[in-house]
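One-letter residues, chain by chain:
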Amino acid sequence: MLPISVDLFAVPKAVPEVRRILRARFGAADVGDLALCVSELLSNVIEHLGEGTPVTLRISGTRAGRIRVAVSDPAPGVWPVLRFAGADRTSGRGLLLVDALALGWGVEQGPYRKTVWCELRAPAGPGLVVGVRS
């Protein structure tokens, strides 16, 4: 089931496709929070770097039994900003959602890429065990 690693272009049709991959991979488990966080991180790339930006999506288990989502893109100098959108704004809440759902999130900068990551509780489901493979 894990890890999942996908190289893709950040385009709007990639968001529902990744959700389908998650539902297929996790079966009967509730992947709502996971799918929402992945969707928001991909949507941020589309919104702030532009459609067609190459990204790598990685989803893995941690030793603590959490799920780690990481989205890497080729813009190390463009960091996500946690904004508080007014009631009249139709966008600007994606990172607020990630912040509310995730146990933690952050940005790792490399010389040619950055990675925005978050960690979540593992989805609940029958017989689902998440962790690092030995």
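Before reading on, note that the structure itself is shown above.
Everything numeric in this text was worked out from a predicted model, so none of it was measured.

### Focus: helix α2 (residues 32–49)
Phase 1 of the analysis: Taking 1.5 Å of rise per residue, 18 residues should cover 26 Å, and α2 covers 25 Å from first to last C-alpha, within 8% of that figure.
Phase 2 of the analysis: Looking at the buried positions of α2, the neighbouring elements they touch are β1 (4–10), α1 (14–26), β2 (53–61), β3 (66–73), α3 (94–101) and β5 (114–121).
Phase 3 of the analysis: Downstream of α2 by one or two residues, Gly50 has phi in the positive range, about 110 degrees.

### Details of α3
Phase 1 of the analysis: Taken residue by residue, α3 has Gly94, Leu95 and Val98 as its buried positions. Buried residues of α3, seen end-on, are gathered within an arc of 95 degrees and therefore sit on one face of the element.
Phase 2 of the analysis: Next to the buried residues of α3 lie α2, β4 (104–109) and β5.

### With respect to the nonpolar core
Phase 1 of the analysis: If you look at the biggest cluster of nonpolar residues, it comprises 32 residues, and the most contacted ones within it are Leu22, Phe26, Leu34, Val38, Leu42, Ile59 and Val69.
Phase 2 of the analysis: Looking at this core, the elements with two or more residues in it are β1, α1, α2, β2, β3, α3 and β5.
Phase 3 of the analysis: In contact with Val38, other than residues within four places in its own chain, are Val18, Leu22, Leu57, Ile59 and Val69.

### Some remarks on the pattern of salt bridges
Phase 1 of the analysis: Enumeration over the complete set of coordinates arrives at 5 salt bridges.
Phase 2 of the analysis: Arg20 serves as the salt-bridge partner of Glu17, at 2.8 Å between the closest nitrogen and oxygen. Residue Glu17 and its partner Arg20 are located together in helix α1, separated by 3 residues, close to a single helical turn.
Phase 3 of the analysis: Taking relative accessible area as the criterion, Glu17 reaches 37% and is therefore assigned partly exposed.
Phase 4 of the analysis: When the shortest N-O distance is used, the salt bridge between Lys114 and Asp73 registers 2.9 Å. A residue pair is termed long-range when its members are at least 10 positions apart, and Lys114 in strand β5 and Asp73 in strand β3 qualify at 41 residues.

Procedures and definitions
- Residues numbered from 1 in each chain as written.
- Predicted model: local features only at pLDDT ≥ 70, side-chain atom pairs only at ≥ 80, totals over all residues.
- Heavy atoms only, no water.
- Helix = DSSP H or I, 4+ residues; strand = E, 2+ residues; numbered from the N terminus.
- Expected span 1.5 Å × (residues − 1).
- Contact = heavy atoms within 4.5 Å.
- Buried < 20%, exposed > 50% of the residue type's maximum accessible area, 1.4 Å probe, protein only.
- Arc of directions from axis to C-beta.
- Core = buried A, V, L, I, M, F, W, Y, C linked by side-chain atoms within 4.5 Å.
- Salt bridge = Lys/Arg side-chain N within 4 Å of Asp/Glu carboxyl O.

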